[in-house]
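# Coordinate inspection notes
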Amino acid sequence: MTNLQLALATNNPGKKKELEEILKSFSIQVFTPKDLGLGFDPEETESTFIGNSMLKAREMHRLSGLPSLADDSGICVEALGGRPGVYSARYGGETVKTDRERAELLLKELGTNQIRRANYSCAISYVAQGIEKTFEGHVWGEIASDYDEDFKFGFGYDPIFYYPPLGARFSQIPPEQKNQVSHRKLALDAFLKWFSQSNRD
């Protein structure tokens, strides 16, 4: 695959680490806004993962001049009508400050509802000169009944997201396993397939 310098439109260290882990086998050098000395905090005003990821990729490309990759992702709970969805990182508003507080708020809202089906969804947008592309990935599982107090891996809602094919929560699965099945991996696979095909000599 052709060498590529890529601006990654995120300030989230967990997301950066996960993306780098997935991309490390390709000749892609990744720069975050911090690496580039850029202030990057666009308001996510769209109502879909695709809309927000494209908004962020366009802004990162405008600021950096580099081909830019952005993701927007979150957890969608069937019994909550798809919430928190695009508001996953802002669930509960300004009074809810941490990943754990957001996860526990979701558990409280879901309560004893027997319908626990949920999915992690990810949209990845790529913006370069004259090019705009978006790719999606989804992984289905269930919301656990409690928070994983001793979780070792992951971030966000991973301590409450149970993945039946592996018989474990995402917070119990090492990165090398999670990154084979995650929503972000599926979306990135679609991007990398397109990218390799479009950059063949």
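In short, a report on the structure. (Residues numbered from 1 in each chain as written. Predicted model: local features only at pLDDT ≥ 70, side-chain atom pairs only at ≥ 80, totals over all residues. Heavy atoms only, no water.)

## Notes on the packing of aromatic side chains
For the record, the criterion: Classification of ring pairs rests on two measures: the distance between centres of Phe, Tyr or Trp rings, Trp counted by its six-membered ring, which must be within 6.5 Å, and the angle between planes, read as stacked under 30 degrees, edge-to-face over 60 and tilted in between. In this text, helices come from DSSP runs of H or I with a minimum length of four residues, and strands from runs of E with a minimum of two, each type numbered from the N-terminal end. Note on classification: 1.4 Å probe, protein chains only; a residue is buried when its accessible area is under 20% of the maximum for its type, exposed when over 50%, partly exposed between these limits.
One pass over the structure, following the stated rule, counts 13 aromatic pairs. Between Y126 and F195, the ring centres sit 6.4 Å apart and the planes meet at 70°, which makes this aromatic pair edge-to-face. With Y126 in strand β4 (residues 117–128) and F195 in helix α5 (residues 183–198), this residue pair connects regions lying 69 residues apart in the sequence. Residue classification places Y126 among the buried positions, given a relative accessible area of 4%. Chaining the aromatic ring pairs together yields one cluster made of Y126, F135, F191, W194 and F195.

## Quick look at the layout of surface pockets
Remark: the empty space left among the atoms is shown by a probe the size of a water molecule rolled over them. Note the cut-off: A cavity here means a set of 1 Å grid points, computed over protein atoms only, where a 1.4 Å probe fits but cannot escape. A pocket is an open set with protein on both sides within 12 Å along at least 5 of 7 lines, and lining residues have an atom within 4 Å of a point. Grid points are joined across faces, edges and corners, and a volume is the space filled by probe spheres set on the points. Charged means Asp, Glu, Lys or Arg here, nonpolar means Ala, Val, Leu, Ile, Met, Phe, Trp, Tyr, Cys or Pro, and polar covers whatever is left, Gly included.
A volume near 760 Å³ is recorded for the largest pocket. Forming the walls of the largest pocket are 29 residues, and the residues nearest its centre are N12, K15, E44, K56 and A89. For the lining of the largest pocket, the secondary structure elements donating two or more residues are α1 (13–23), β3 (68–77), α3 (99–110) and α5. Per element, the largest residue contribution to the lining of the largest pocket is three residues, and it comes from β3. Of the residues assigned to the lining of the largest pocket, the class counts are eight nonpolar, nine polar and 12 charged. Forming the walls of the second largest pocket are G14, K17, E18, E21, K152, F153, G154, F155, I173, P175, K178 and N179. Those elements giving two or more residues to the lining of the second largest pocket turn out to be α1 and α4 (175–181). With four residues, the top contributor of residues to the lining of the second largest pocket is α1. Classifying every residue of the lining of the second largest pocket gives four nonpolar, three polar and five charged.

## Side note on α5
We apply this condition: Here the expected length of a helix is defined as 1.5 Å per residue gap, with one fewer gap than residues.
For α5, with 16 residues, the first-to-last C-alpha span of 23 Å sits near the 22 Å given by 1.5 Å per residue. Those residues of α5 that fall on the buried side of the exposure criterion are H183, R184, K185, A187, L188, F191, L192, W194 and F195.

## Description of the packing of α1 against α5
Under the convention used in this document: To obtain each axis, a line is fitted to C-alpha atoms, and for helices this fit is confined to the stretch in contact; angles are then taken between N-to-C directions over 0 to 180 degrees. Each angle is binned into one of four classes, with values under 35 degrees roughly parallel, values over 145 roughly antiparallel, values of 65 to 115 roughly perpendicular, and all other values oblique. The crossing is said to be left-handed when, going from far helix to near helix, the turn is anticlockwise and less than a right angle, and right-handed when the turn is clockwise. It only takes one pair of heavy atoms within 4.5 Å for two residues to be counted as in contact.
The N-to-C vectors of α1 and α5 enclose an angle of 50°; their axes lie 11 Å apart at closest approach. Here α1 lies oblique to α5, going by the angle between them. Seen from above, α1 lies across α5 with right-handed handedness. Only R184, K185, L188 and L192 of α5 make contact with α1, whose side of the interface consists of K15, E18, L19, I22 and L23.

## Thoughts on empty space enclosed by the protein
Enumeration over the complete set of coordinates arrives at one cavity of 30 Å³ or more. By volume, the largest cavity is sized at about 30 Å³. Residue lining of the largest cavity: L8, A9, T10, K15, L19, K56, L69, A70 and D71, and that is the complete set. Sorting the residues of the lining of the largest cavity by element identifies α1 and β3 as the ones contributing at least two each. The class makeup of the residues in the lining of the largest cavity is five nonpolar, one polar and three charged.

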